[in-house]
Amino acid sequence: MMNRTLLHLGQLTALGALAVLGLVDVQGGMLAGLELGLWQVGAAVVAAAVWLPVHRPGSSRLPQAALVLAGQSILLTFLLSGTDRGAIWGLAESAALFGVLMVVARRGSARWAAAACAALLLAVALLPLRSGDVRTYLVFGLLQALIGSAAIGVGVYLRTLEGNRQRALDAVRTEQRTEFARDLHDFIAHHVTGIVVQAQGARFIAEQDPKRVLLALEQIEQAGAETMASMRRMVGVLRDPDSRPDAPLAPIAGVPELEALVEQFTAAGGVPARLHRDGETTGLPVEVSTSAYRVVMEALTNVRQHARGASAVDVWLRRTPDHLLVRVANDGPPPRPATPRDRPGYGLAGLTERVRAVGGQFSAGPGVDGGWVVDVSLPLNWSGS
């Protein structure tokens, strides 16, 4: 709202300045020839109408309109160049064309902008010819050419700044969308593997105790609903951010949700999981909290998929003055080496990238007493440099 107010204020100020210059032109005898004088006034008004509105970046209509302005200005200069009109040649039109030069250099389509700027620069350099005084033209023609070149330089500078800002924004959006794509993998893989385990358990329970099947089906229904909710949230973020400006831009779970995650893992059947805390785990930085959650979730998912012989999974969280330490360990046999026929997995690779992205360290391998251990150290005061 404030930016729009400032914009309107700037436009009104520019119009006021052009009006003052127009009065100077009139008092200086610009309307001595009524028809051509009115043409000059109209040219200044039209140039202002092209310059003042806000144009979108890469506009092709803007430089095309500028080419028309330049053409009519050069034609008018040619018609007035043989008359003796004193020192006034059209200050309001000159100022308006300088504005058009800057806006075209800043917002115009690259395909048309160079030609439009060249034509406009020629037009403003020739404007002093209307005075009919050669000495006036030599001085002010060069001065107007320099001012026009400066206007182009300002426009190009602002265009470069906007381009750099847009590229930085695109890079952030791409990184963010990639991050949420990993989240989609993590959340959906976790829930789907849980559904598979529950369905397998339900089939076994149906043979032993058919009444317990209803409880298993309720758990499967709940896990399916959570999966769909997670998928909707993540797909909403992965859509074009311009079409979904209200999409959530922050991860959806962190350390406070770990207890529920471990309980859901145990309730799904199979390997029971236990959560151990050492130290205060509230007030963690967002990136640390969400990264810890994802580490635990992916590690539990891997236990379901690869550690079928495990009898228990232990999740430890320990907070030190400078780090949050996360360990997920199971007592099952180490996973077998991958073969070329296996489906490529992105879980551990994604975790490694995620942890390193916040300055942490990640390791996974056989434990000293057997089983498989995932260790992560996440700095609490990481500067990102």
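Provided above is the structure to which this section pertains.
Residues numbered from 1 in each chain as written. Predicted model: local features only at pLDDT ≥ 70, side-chain atom pairs only at ≥ 80, totals over all residues. Heavy atoms only, no water.

Participant: Whenever I open this one, the overall build of the protein chain confuses me. Can you help?
Facilitator: For the protein chain, the helix and strand inventory stands at ten helices and five strands. Out of the 385 residues in the protein chain, the part that is buried amounts to 39%. Accessible surface, the protein chain as shown: approximately 21,300 Å² in total, 62% of it carbon and sulfur. (Helix = DSSP H or I, 4+ residues; strand = E, 2+ residues; numbered from the N terminus. Buried < 20%, exposed > 50% of the residue type's maximum accessible area, 1.4 Å probe, protein only. Areas by Shrake-Rupley, 256 points an atom, 1.4 Å probe, with all protein chains shown as cover.)

Participant: Help me out: how do you make sense of helix α8 (residues 258-267) in this one?
Facilitator: Because an α-helix completes one turn every 3.6 residues, residues spaced three or four positions apart along the sequence face the same direction. Among all positions of α8, only Leu258, Leu261, Val262 and Phe265 are buried. On an axial view of α8, the arc spanned by its buried residues comes to 95 degrees, and they lie on one face. With its phi angle positive at about 95 degrees, glycine 269 sits one or two positions after the end of α8. (Arc of directions from axis to C-beta.)

Participant: What is the right way to look at the pairing of strand β4 (residues 361-366) in this model?
Facilitator: Every other side chain in a regular strand lies on the same face of the sheet, so the side chains alternate between the two faces. Direction of pairing for β4 relative to strand β5 (residues 372-379): antiparallel, over a ladder of six bridges. Looking at β5, one finds that serine 363 is bridged to aspartate 375. If you look at the hairpin formed by β4 and β5, you'll find five residues sitting between the two strands, and glycine 370 has a positive phi there, around 100 degrees. (Pairing = 2+ DSSP bridges.)

Participant: Please explain the nonpolar core as it appears in this structure.
Facilitator: Counting residues in each nonpolar core, the largest one holds 32 residues, and the members touching the most others are Val296, Leu300, Val313, Leu324, Val326 and Val328. Elements represented by at least two residues in this core include exactly α8, α9 (286-306), β2 (313-319), β3 (323-330), α10 (347-357) and β5. With nine residues, the single largest contributor to this core is α9. Aside from chain neighbours lying at most four places away, what touches leucine 324 is Val255, Leu284, Val288, Ala292, Arg318, Arg319, Val376, Ser377, Leu378 and Leu380. Among the nonpolar cores identified, the runner-up in size contains 28 residues, and Ala70, Val100, Val104 and Ala151 belong to it. (Core = buried A, V, L, I, M, F, W, Y, C linked by side-chain atoms within 4.5 Å. Contact = heavy atoms within 4.5 Å.)

Participant: Sorry if this is basic, but what is going on with the pattern of salt bridges here?
Facilitator: A side chain with one charge may pair with a side chain of the opposite charge, provided their charged atoms come close. Within the structure shown, the criterion is met by five salt bridges. Between glutamate 162 and arginine 107 there is a salt bridge, with the nearest N and O atoms lying 3.4 Å from each other. Of this pair, glutamate 162 sits in helix α6 (residues 134-208) while arginine 107 sits in helix α4 (residues 91-107), placing them 55 residues apart in sequence. Each member of the pair, glutamate 162 as well as arginine 107, is classed as buried. Residues joined in a network through salt bridges with shared partners are Arg106, Arg107 and Glu162. (Salt bridge = Lys/Arg side-chain N within 4 Å of Asp/Glu carboxyl O.)

Participant: What am I meant to see in the sheet that holds β5 here?
Facilitator: One key point about sheets: their strands pair by backbone hydrogen bonds, in either a parallel or an antiparallel sense. Reading across the sheet, the five strands line up as β1-β2-β3-β5-β4 and stay open at both edges, with mixed pairing between neighbours. The sheet is open, and its two borders are formed by β1 (273-278) and β4, each paired with just one other strand. Averaged over neighbouring strand pairs, the angle between their axes works out to 10 degrees when direction is ignored. Inspection of the sheet shows β3 paired to β5 by eight bridges, in the antiparallel sense. Looking across to β5, one finds that leucine 324 is bridged to leucine 378. (Axes fitted to C-alpha atoms, helices over the stretch in contact; angles between N-to-C directions.)

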